[in-house]
Amino acid sequence: MKTLCHLIGKYFGIIAVVFLILGMVTPDNFKWVVGNLGGIPVLSTLLGVIMFGMGTTLNLRDFALVLKRPIDVFVGVCAQYLIMPSIAFLLSMAFNLDPALTAGVVLVGTCPGGTSSNVITFMSKGDLALSVTMTSVSTLLSPILTPLITYQLIGQKIAFDPMGMFWSIVQIVIIPICLGLAVKSFLPSLAENATEYLPAVSAIAISLIIAGVIAVSRNNILQTSGVILLVVIIHNCLGYLLGFILARITGMSWKKAIALSVEVGMQNSGLATGLAKAHFTAMPMATVPGAIFSAWHNISGALLAWVFVNFLNPKYAPAEEGEAELAKS
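First things first, this report covers the structure right here in the doc.

Reading the values: rules and limits
- Residues numbered from 1 in each chain as written.
- Predicted model: local features only at pLDDT ≥ 70, side-chain atom pairs only at ≥ 80, totals over all residues.
- Heavy atoms only, no water.
- Helix = DSSP H or I, 4+ residues; strand = E, 2+ residues; numbered from the N terminus.
- Buried < 20%, exposed > 50% of the residue type's maximum accessible area, 1.4 Å probe, protein only.
- Polar contact = N/O pair within 3.5 Å; in protein donor to acceptor, adjacent residues only side chain to side chain.
- Contact = heavy atoms within 4.5 Å.
- Expected span 1.5 Å × (residues − 1).
- Core = buried A, V, L, I, M, F, W, Y, C linked by side-chain atoms within 4.5 Å.

## Overview of the side chain of Ser 117
Moving on, step 1. With respect to the helices, strands and loops of the structure, Ser 117 is situated in helix H7 (residues 116-123).
Moving on, step 2. Accessibility expressed as a relative area gives 0% for Ser 117, which makes it buried.
Moving on, step 3. At 3.4 Å, the side chain of Ser 117 forms a polar contact with the side chain of Thr 135.
Moving on, step 4. One polar contact links Ser 117 to Glu 263, side chain to side chain, over a distance of 2.9 Å.
Moving on, step 5. Once residues lying within four places of it in the same chain are set aside, the contact partners of Ser 117 are Ser 131, Thr 135, Val 262, Glu 263 and Met 266.

## Examining helix H3 (residues 42-57)
Moving on, step 1. Over its 16 residues, H3 runs 23 Å from end to end, which matches the ideal 22 Å to within 8%, given 1.5 Å per residue.
Moving on, step 2. Taken residue by residue, H3 has Val 42, Leu 43, Leu 46, Leu 47, Gly 48, Ile 50, Met 51, Gly 53, Met 54, Gly 55 and Thr 56 as its buried positions.
Moving on, step 3. In this structure, the buried residues of H3 make contact with strand E1 (36-37), strand E2 (40-41), helix H8 (128-154), helix H9 (162-186), helix H11 (198-216) and helix H15 (269-279).

## Topic: unusual backbone geometry
Moving on, step 1. For Asn 96, which is not a glycine, the phi torsion comes out positive at approximately 50°.
Moving on, step 2. Counting through the fold element by element, Asn 96 comes out in the loop between helix H5 (70-94) and helix H6 (99-110).
Moving on, step 3. Exposure remark for Asn 96: the relative accessible area of 66% places this residue in the exposed category.
Moving on, step 4. Positioned with a positive phi, Lys 125 is a non-glycine residue whose angle comes to about 65°.

## A closer look at the environment of Leu 67
Moving on, step 1. Counting through the fold element by element, Leu 67 comes out in helix H4 (residues 64-68).
Moving on, step 2. In this structure, the C-alpha to C-alpha distance between Leu 67 and Val 173, residues 106 residues apart in sequence, is 24 Å.

## What to know about the nonpolar core
Moving on, step 1. Counting 98 residues, the largest nonpolar core has Val 173, Leu 260 and Phe 280 as the members making the most contacts within it.
Moving on, step 2. Per-element accounting of this core gives the leading share, 11 residues, to H11.
Moving on, step 3. Discounting chain neighbours no more than four positions away, the residues touching Val 173 are Met 51, Thr 139, Ser 168 and Leu 271.

Any functional reading would require information beyond the geometric quantities listed.
Here it is in structure tokens:
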């Protein structure tokens, strides 16, 4: 079972794309994901499971980095909530997206970083501690910043309830993470055993969300002519690029720049999908950007890690480390 879970985690990007295709080809098999079972919303429950898994991987010591390296964390969180929302809004305007797709793209931009960013940072040989801390802090700030920034960008044109979104994020994100942290703190052996399986469970949960959202929006997606896919790709890639540039401009090391690049470019798009489903009910297409982003950013993240490890790190990281040693001597 552990081997199977490891394989699921390793090939999550491919699995996500397979589920996306299945949602398009056999939509009736996945529409239940965006419905209720026994009166309980399935999509929100799946998101809660994902956030609980994230909580079990965190440690209160992780947050000590906020005190040790406050500037790095501050820059990272500011980048998360300034760069991606701005790009999302500008792309929506540039491509003249309809209100539903605009809402979905902006929600992807205003959501915090996702746990996938920690995996990709590790694969890219970046600063993992900084990545984990930025994910944690941006997630804890999301109940306030996600609805606030979303309202500032589109609230004048597209009606939604910011306070309702605040409570949704508390229920879907904060409470499950706190439960996961509690398990990690008071039942460490259980949490340690669970971490062997929870990443695979989270991967399947995200894949089901992708398939479900694609299934219920299949006909509308076929009418978008690939525009939304192009917007998602540009949004993600600009996040990587601008995050890296900002890190270097502010004097961060190569490893920190990798972490910031990945953290900014990879969003908690599953959360964006859930929020769109809950708060833009009259706009089913609002859930589509998050679903597509979920599949795409895992593929692009794996490619980015490959580029860093095989081309950029060997050329730039050793030189920078050598310069740092000379400066100390």
